[in-house]
Structures are given as structure tokens and as C-alpha cells.
Amino acid sequence: SSDLSDLTVAHIGTIAYQPQYLIEWKVGDTLNYDLSISIMGKMGTSTRTVTKDEGNTLWISETMSLSGRQEVVEAQIDKNTCEVLKMIRNGKSETIPNDPLEIISQDYTNITVPAGTFDCLHIVAKSKSIKNIEVWANPQAIVMDGSVKTVVTANQLPLPITMVLTSFTHGQ
């Protein structure tokens, strides 16, 4: 049988510091990336920012500038489940993609990008529409999802698109 004497100070400390939500991002958290396409080099930039906290949900805005064109995607995300509840692209509501990822492999590695050098979890995955996606992330050292570098090869575009972190800012 178990009683309170089984709870050590470490257990009590762990219980006391459980996050309220699965996502603990803050308004103002910002990630900045350079975008490149295969051998063509840098083609644009992307900025991802937490713009609103509505209690159980957060709004994320991503502005991509690619070859002179700009696109803004806003997403409302449930802080408990990480589910995308609403998506708006350039001011128009959009259907949320239903394309689950299949994890192929994961390991730990060290990676250097313009924002610095980071120990990362390296994940390789694929889906119906994505031939291959590689993500290097460290959500403990970097705000939001901690993405340091992402390389995506979509089925309809054979050239890989690479995003590398150039800087990040902690919100309030």
C-alpha cells in the first residue's frame, strides 16, 4: 500500500511544477528564418510569432516572403492538445490540412545555424503529400516549437526547401 510517506521532496517538486498547458508559449515569442530552395540559395524569409493568448488557445502568425511575394498564415492552436482549430491564409479562412506525419527516425545531434549552435532532436518523417521532412529542434533552448532547421521535400516540388533559424525572441 502507498501513503504520503512515499512522496519524496523530488516527487512533490515535480507535481508542483507541472505546466498548466501542453503548450506554454508566450505572446511575443518570435522565430525568424532564412528560406532557401535547393541549389538556388536564399530565396526569402519567414517570421513566426505568437500574437494572441485567448486562455485555452494561442494565435500564431507566420509571414513568409519568398521571391518578392508575401504570404501570411494565422493559426489558432489549442494549448492542451496542440490541435490547429482555425487557419487563415492571407485573410481568408482555409481548411485545416489532414496529413498526419509518419516518423521514420529520430536521434540527437548538434547543429549550427546563423542563430547559434544547438543540441537538437533530429526527426525524419513523411506523409501523403510530403516525400521527406527533416526537423532539428530544441524547444528547451528556443521559443515556441524550438525549430532550428527544417528541410521539406514535397511530392509536387522535387527541390527541397530549407528553413534555418536566424534569430529568436522571448515574449512576455
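Preceding block: the structure.
Residues numbered from 1 in each chain as written. Predicted model: local features only at pLDDT ≥ 70, side-chain atom pairs only at ≥ 80, totals over all residues. Heavy atoms only, no water.

Chemist: Provide a residue-level description of the sheet that holds strand β7 (residues 102-113), including the pertinent values.
Modeler: The strands making up a sheet associate through backbone hydrogen bonding, with each pair oriented either parallel or antiparallel. Taken in spatial order, the eleven strands make up an open sheet running β6-β5-β4-β3-β2-β1-β11-β10-β9-β8-β7, and their pairing is antiparallel. The open sheet is flanked by β6 (92-94) and β7, the only strands paired with a single partner. The average angle at which neighbouring strand axes cross in this sheet is 20°, direction not considered. Of the strand pairs in this sheet, strand β1 (residues 30-37) and strand β2 (residues 42-53) are connected by seven bridges, and their pairing is antiparallel. Paired with S36 across the strands is K42, a residue of β2. (Pairing = 2+ DSSP bridges. Helix = DSSP H or I, 4+ residues; strand = E, 2+ residues; numbered from the N terminus. Axes fitted to C-alpha atoms, helices over the stretch in contact; angles between N-to-C directions.)

Chemist: Account for the pattern of salt bridges, naming residues and giving values.
Modeler: Here the idea is simple: oppositely charged side chains can pair when their charged atoms come close. Enumeration over the complete set of coordinates arrives at six salt bridges. Two residues, D34 and K42, come together in a salt bridge whose shortest N-O distance is 3.2 Å. A salt bridge links R89 to E71; the nearest nitrogen and oxygen atoms lie 2.7 Å apart. One end of the pair, R89, is in strand β5 (residues 84-89); the other, E71, is in strand β4 (residues 69-78), and 18 residues separate them in sequence. In the salt-bridge network here, residues are joined through shared partners; they are R48, E62 and D145. (Salt bridge = Lys/Arg side-chain N within 4 Å of Asp/Glu carboxyl O.)

Chemist: Break down the packing of aromatic side chains for me, citing the residues and quoting the values.
Modeler: One pass over the full model with this rule turns up one aromatic pair. If you follow K52 out to its NZ or CZ, it ends over the ring of W59, 5.2 Å from the centre. A cation over a ring is seen here: K149 above W136, with NZ or CZ 5.1 Å from the ring centre. (Phe/Tyr/Trp six-rings, centres within 6.5 Å; stacked < 30°, edge-to-face > 60°. Lys NZ or Arg CZ within 6 Å of the ring centre and 35° of its normal.)

Chemist: Pulling in residues and values, what's your account of the nonpolar core?
Modeler: One recurring pattern in soluble globular proteins is that nonpolar side chains are buried together. One finds W25, L31, I60, V113, M144 and V148 to be the most contacted residues of the largest nonpolar core, which totals 23 residues. Elements that contribute at least two residues to this core include exactly β1, β3 (57-66), β4, β7, β8 (116-126), β10 (147-154) and β11 (161-169). (Core = buried A, V, L, I, M, F, W, Y, C linked by side-chain atoms within 4.5 Å. Buried < 20%, exposed > 50% of the residue type's maximum accessible area, 1.4 Å probe, protein only.)

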